[in-house]
Amino acid sequence: MLLIYYRLLISAWKTFGLRLIFWRWLLFLPLFLLFTHFTLFLDKIFFPQYQKLQVKNPVFIIGNPRSGTSFLHNLLTQTEDFVAFKTWQIFFPALTARVLVKPIINYLIRHNLTQMMPESSGHEVYLDRVEHDEFLFVHKLDTQFVLLLSPLGLDDREYPELRLYDRQSDSRRYSSVKFFQECLKRQIYYTKKEQVIAHIHFSTCRIKTLLETFPDAKFIYLVRSPQETIPSHLTLEYNTFKNQKRLNNIPKAKLQRYFERRYRYDLELYRYFYELQKKAEIPSENIMVLPYNLLCSDLEKSFT
């Protein structure tokens, strides 16, 4: 984790020099991570009951970005009968931290100030709406979102360890999934619900480790043609860069290389699941493959 942060800073410095964006990553990220992990520790003192809870029969939605994973997750969680994270809860997974920031969140909600990304970006994000659980792994700097949201994706190195999680060292891959498991326990305690439905599309490449930790887990793999998902995903990421006003600050050569890599990484995500399925490394009773076209055309038939 420290090595990833170090490389992130080097990449920020090489790309942006000593401009404000470098100082933001230098100062803000370590303070934020320190606050997160300190309040997670405090949870064991102030909310010890959560540690006794178990994550039973979780449902994990996986698949390539833009394959319908967000739609399905929002559809299943809209009744609020299941364990799911709103965006602000992902930012602050610690129960102790939520006690501290809840007055601020309530203020923002009352004054309709919760939008973080507009609809024009391709994926609206609001503080008070259910969001990708995959973002939880940002607290461990162990997800492809680190490559998307930070200057690390612009580095000369490609960081396969931030894509192919199942091939990481045992200590690292289990540390991240254990952290995820503890976050789920906290959310079960916080919501007073039991059934977890989590949206972790990039963790398609973490499926073997997840199965080792959650042997009773069920995975819903959304499959859609790469001719549709990849252009849509690249457009989404381009609009994200544009919304964050990063396009004009990044050298064109680095920007082109970044999107070429994203194209290859999306193909890699398809191939990884295909190879696991081909080798029968995923128990059939743990996985449901759901075609995107069927989900859109016949929702009832999708689950029968």
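Predicted, not measured: the structure shown is a model, and the values here were computed from it.

Caption draft 1: Local environment of the pattern of salt bridges. Considering all chains together, one arrives at 16 salt bridges under this definition. Arg 163 is the partner of Glu 268 in a salt bridge, and the nearest nitrogen-oxygen pair spans 2.6 Å. Of this pair, Glu 268 sits in helix H10 (residues 252–278) while Arg 163 sits in the loop between helix H6 (144–149) and helix H7 (170–191); the two residues are 105 residues apart in sequence, bridging distant segments of the chain. An identical accessibility class is assigned to Glu 268 and Arg 163; each is buried. Members of the salt-bridge network, linked through shared partners, are Glu 134, Asp 142, Arg 172 and Arg 206.

Caption draft 2: Looking closely at the environment of Leu 136. Topologically, Leu 136 is positioned in the loop between strand E3 (125–126) and H6. When the C-alpha positions of Leu 136 and Pro 231 are compared, they lie 26 Å apart, and in sequence the two are 95 residues distant. Once residues within four sequence positions are removed from consideration, Leu 136 is found in contact with Phe 85, Ile 90, Pro 93, Phe 179, Phe 180 and Cys 183.

Caption draft 3: Fine view of the packing of aromatic side chains. If you walk through the whole model with that rule in mind, you get 17 aromatic pairs. Relative to Phe 92, the ring of Phe 32 has its centre 6.3 Å away and its plane inclined at 70°; by these criteria the two rings are edge-to-face. Here Phe 92 lies in the loop between helix H4 (87–91) and helix H5 (95–110) and Phe 32 lies in helix H2 (residues 20–46), a separation of 60 residues in the sequence. Like Phe 32, the residue Phe 92 is buried in the burial classification. Three or more aromatic residues joined by ring pairs form one cluster here, namely Phe 60, Phe 137, Phe 180, Phe 214 and Phe 219. If you follow Arg 206 out to its NZ or CZ, it ends over the ring of Phe 137, 3.7 Å from the centre. The ring of Tyr 292 carries the charged tip of Arg 224 above its face, separated from the ring centre by 4.1 Å.

Caption draft 4: How the structure looks around the sheet that holds strand E5 (residues 218–223). If you walk across this open sheet you meet the four strands as E4-E1-E5-E6, and the pairing is parallel. A strand with exactly one partner marks an edge of an open sheet, and here the two such strands are strand E4 (197–199) and strand E6 (287–291). Shown here is a sheet whose adjacent strand axes are inclined to one another by a mean of 25°, direction ignored. Of the pairings in the sheet, the one linking E5 to E6 comprises five bridges and is parallel in character. When the sheet's bridge partners are listed, Phe 219 is paired in E6 with Ile 287. Seen against the sheet, helix H3 (residues 69–77) touches strand E1 (59–63), E4, E5 and E6 and runs at an angle of roughly 155° to E4.

Rules and cut-offs
Residues numbered from 1 in each chain as written. Predicted model: local features only at pLDDT ≥ 70, side-chain atom pairs only at ≥ 80, totals over all residues. Heavy atoms only, no water. Salt bridge = Lys/Arg side-chain N within 4 Å of Asp/Glu carboxyl O. Helix = DSSP H or I, 4+ residues; strand = E, 2+ residues; numbered from the N terminus. Buried < 20%, exposed > 50% of the residue type's maximum accessible area, 1.4 Å probe, protein only. Contact = heavy atoms within 4.5 Å. Phe/Tyr/Trp six-rings, centres within 6.5 Å; stacked < 30°, edge-to-face > 60°. Lys NZ or Arg CZ within 6 Å of the ring centre and 35° of its normal. Pairing = 2+ DSSP bridges. Axes fitted to C-alpha atoms, helices over the stretch in contact; angles between N-to-C directions.

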